[in-house]
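Coordinate analysis (summary)
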Amino acid sequence: MPRSHGSEIDTLIQLLAKLPGLGPRSARRSALQLLKKRDSVMVPLANALHDVADSIEICSECGNLDTVNPCHICGDIRRDQTTICVVEDVADLWALDRSETYRGIYQVLGGTLSALDGVGPDDLNVEKLISRATQEDVTEVILALNATVDGQTTSHYLAERLEDAGVKVTALAHGLPVGGELDYLDDGTLAAALRSRGVVT
Amino acid sequence: MEWQGDGIVLSSSKFGETDALLEVMSRENGRHRGFVKGGSGKRLGPVLQAGNFLTLKWRSRIEENLGRFTVELDRSPLGLIMGDGLRLMTLSAMVSVVSASLPERENHPAVYDSLKAMIEYVERSDVDPAGWAAALVRLEMGILSDLGYGLDLSECAATGSDEDLVYVSPKSARAVSRAAGRPYHDKLLTLPSFLMGPVVEEVGTRAAIEGLNLTGYFLERQVWQVRHRTPPQARERLLSKLVSMAKKSVD
């Protein structure tokens, strides 16, 4: 096989190809871009990766990934400390926080109950959630888990475990997406939307 | 090799970044697995949820290979099931029991019909939560029967009488009458009355637990242990939920 570049570049391409959304071909293109923009992109990227790798921590409070512990969300005193939003993983936390519609604190569960993958309650951060929910100032726990069978099974399990915590337990609504047309929706979503219909104000 | 037909999703697991391995219960081809291109992506992810009714096409160059599914959603019962914890638990238990009990690619049309009817029952019926668990018991009775381990509830194994049958022998899987079983009642399994009569809507929580213990005993001994499997987690969770419900109602 002809060698157009050294083994260090090969290693770079192989590592890039492990990232989501990148295959070997797109990893090669990305590597080439990095090599071409060595000073403006490659070196700063390498430094940023190094810095983050050195300081990244899992927040001991909520399970978020950040460079400080507790994370920026848990350390922000302006946030509403009476509401905990439970999410499946860090990507969901970042998505919800990006929307800027929720100003409370979070709890990352670390997955959902799954019979197929053998994930049971002991594999999730359930005890941490319950100990935080029983703190005096917490009044509501919002279960923001995926509208999948595993996600909703986990939601119902958590609601049951939180029964004695003395907090209001709520879950995200299911139904029509913004901009959705009835004609294109599946009947499961339509049934859920119809069941959770509300008064028009 | 190619076939097409209807199927019910038993499970789906992520394969690579956006693809999925799908396991379905089909009417003509039994429990079947296959690869779905884009199966865990935005478009097909919601379609491959457990309990959904699909129209399927399976294709493979060689019959023994995993093969590839092309899927289309026929109907989803999840809209009405998801909001109710016990309905969802029952659905998960149903699909996981079928998945754990049936051999792959073996035709069991009666189990398919029963699974379909029971999912629809769980979706539509508003009468009695224990009735959903009783539907699972009936499904499990059908699975045992289809696999050749059916329970004989027609008459008492000891006296031949067909009246007052309240036990099942764990050895012979045959019914035992109250009078004949009394001396051995601690060794016999309880036969809930809803399994003896016509389908009824009202089933008590305790009867549903007895039913699950009965079918669970034979499934574990004849099917799951033979395949080196443990009882499905979803079924265990449903059973412990029913036990805690029964305890609360006693308190």
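If you're wondering where the values come from, they're calculated on a predicted model, not measured in any experiment. (Residues numbered from 1 in each chain as written. Chains lettered and ligands numbered in written order. Predicted model: local features only at pLDDT ≥ 70, side-chain atom pairs only at ≥ 80, totals over all residues. Heavy atoms only, no water.)

**A closer look at the UniProt feature "domain: DNA replication/recombination mediator RecO N-terminal" (unreviewed entry) in chain B**
The positions that UniProt labels "domain: DNA replication/recombination mediator RecO N-terminal" (unreviewed entry) are, in the present scheme, residues 1–71 of chain B. Counting secondary structure, residues 1–71 of chain B comes out at 0% helix and 56% strand; the distance between its end C-alpha atoms is 17 Å. (UniProt positions renumbered as here; feature names shortened; annotations may be inferred. Helix = DSSP H or I, 4+ residues; strand = E, 2+ residues; numbered from the N terminus.)

**A few points about the interface of chain A and chain B**
Contacts between chain A and chain B engage 24 residues on the former and 25 residues on the latter. Taken as a group, V149, H156 and R195 of chain A account for 29% of the area that chain A buries against chain B, more than any other trio of residues on that side. Between chain A and chain B we count two salt bridges in total. Put simply, E163 of chain A and K248 of chain B hold a salt bridge, and the shortest N to O gap is 3.6 Å. One can count five residue pairs in polar contact (both at pLDDT 80 or more) joining chain A with chain B. (Contact = heavy atoms within 4.5 Å. Buried area = accessible area lost by both parts, 1.4 Å probe. Salt bridge = Lys/Arg side-chain N within 4 Å of Asp/Glu carboxyl O. Polar contact = N/O pair within 3.5 Å; in protein donor to acceptor, adjacent residues only side chain to side chain.)

**Quick notes on the sheet that holds strand β7 (residues 175–177) of chain B**
In sheet architecture, strand pairing relies on hydrogen bonds along the backbone and comes in two forms, parallel and antiparallel. All names here are of chain B. Across the sheet, which stays open at both edges, the three strands sit in the order β7-β6-β8 with antiparallel pairing between neighbours. For this open sheet the edge positions go to β7 and β8 (189–190), each flanked by a neighbour on one side alone. In this sheet, β8 lies alongside strand β6 (residues 165–168) in antiparallel orientation, the contact comprising two bridges. Considered in β8, the bridge of Y167 is made with T190. (Pairing = 2+ DSSP bridges.)

**Focus on the state of the cysteines**
Residues and elements named next belong to chain A. Tallied over the full model, the rule gives zero disulfides over all chains. C59 carries a free sulfur, and the closest cysteine sulfur to it, the one in C74, is 3.8 Å from it. With a relative accessible area of 4%, C59 lands in the buried category. Here C62 is not cross-linked by a disulfide; its sulfur's nearest cysteine counterpart is in C74, at 3.6 Å. Residue class for C62 comes out buried when judged on its relative accessible area of 0%. (Disulfide = S-S within 2.5 Å. Buried < 20%, exposed > 50% of the residue type's maximum accessible area, 1.4 Å probe, protein only.)

**Regarding a nonpolar patch on the surface**
A contiguous nonpolar surface patch, about 470 Å² in accessible area, is contributed by V52, I56, I58, L65 and W94 of chain A. I58 of chain A gets classed as exposed once you look at its relative accessible area, which sits at 59%. (Patch = residues over 30% accessible without salt bridge, like charges linked within 9 Å, V, L, I, M, F, W, Y side chains within 5 Å. Areas by Shrake-Rupley, 256 points an atom, 1.4 Å probe, with all protein chains shown as cover.)

**Regarding the domain arrangement of chain A**
Here chain A is partitioned into domain 1 (7–55) and domain 2 (77–171). Distance between the C-alpha centres of domain 1 of chain A and domain 2 of chain A: 35 Å. (Domains from an automatic or database assignment.)

**Focus on the packing of helix α2 (residues 85–101) of chain B against helix α4 (residues 129–146) of chain B**
Residues and elements named next belong to chain B. It is at 9 Å that the axes of α2 and α4 come closest, and there the two elements cross at 10°. Relative to α4, α2 is oriented roughly parallel. Across the interface between the two elements, L86, R87, T90, A93, M94, V97, V98 and S101 of α2 pack against P129, W132, A133, A135, L136, L139, E140 and I143 of α4. Here the contact of α2 with α4 is built from residues that sort into twelve nonpolar, two polar and two charged. (Axes fitted to C-alpha atoms, helices over the stretch in contact; angles between N-to-C directions. Parallel < 35°, antiparallel > 145°, perpendicular 65-115°, else oblique. Nonpolar A, V, L, I, M, F, W, Y, C, P; charged D, E, K, R; others polar.)

**Looking at the UniProt feature "zinc finger region: C4-type" (unreviewed entry) in chain A**
According to UniProt, the positions carrying the feature "zinc finger region: C4-type" (unreviewed entry) are residues 59–74 of chain A. Counting secondary structure, residues 59–74 of chain A comes out at 19% helix and 12% strand; the distance between its end C-alpha atoms is 8 Å.

**Let's talk about the UniProt feature "domain: Toprim" (unreviewed entry) in chain A**
Within this numbering scheme, the UniProt entry marks residues 82–177 of chain A as carrying the feature "domain: Toprim" (unreviewed entry). Between the C-alpha atoms that bound residues 82–177 of chain A there is a distance of 28 Å. The span itself is 31% helix and 20% strand.

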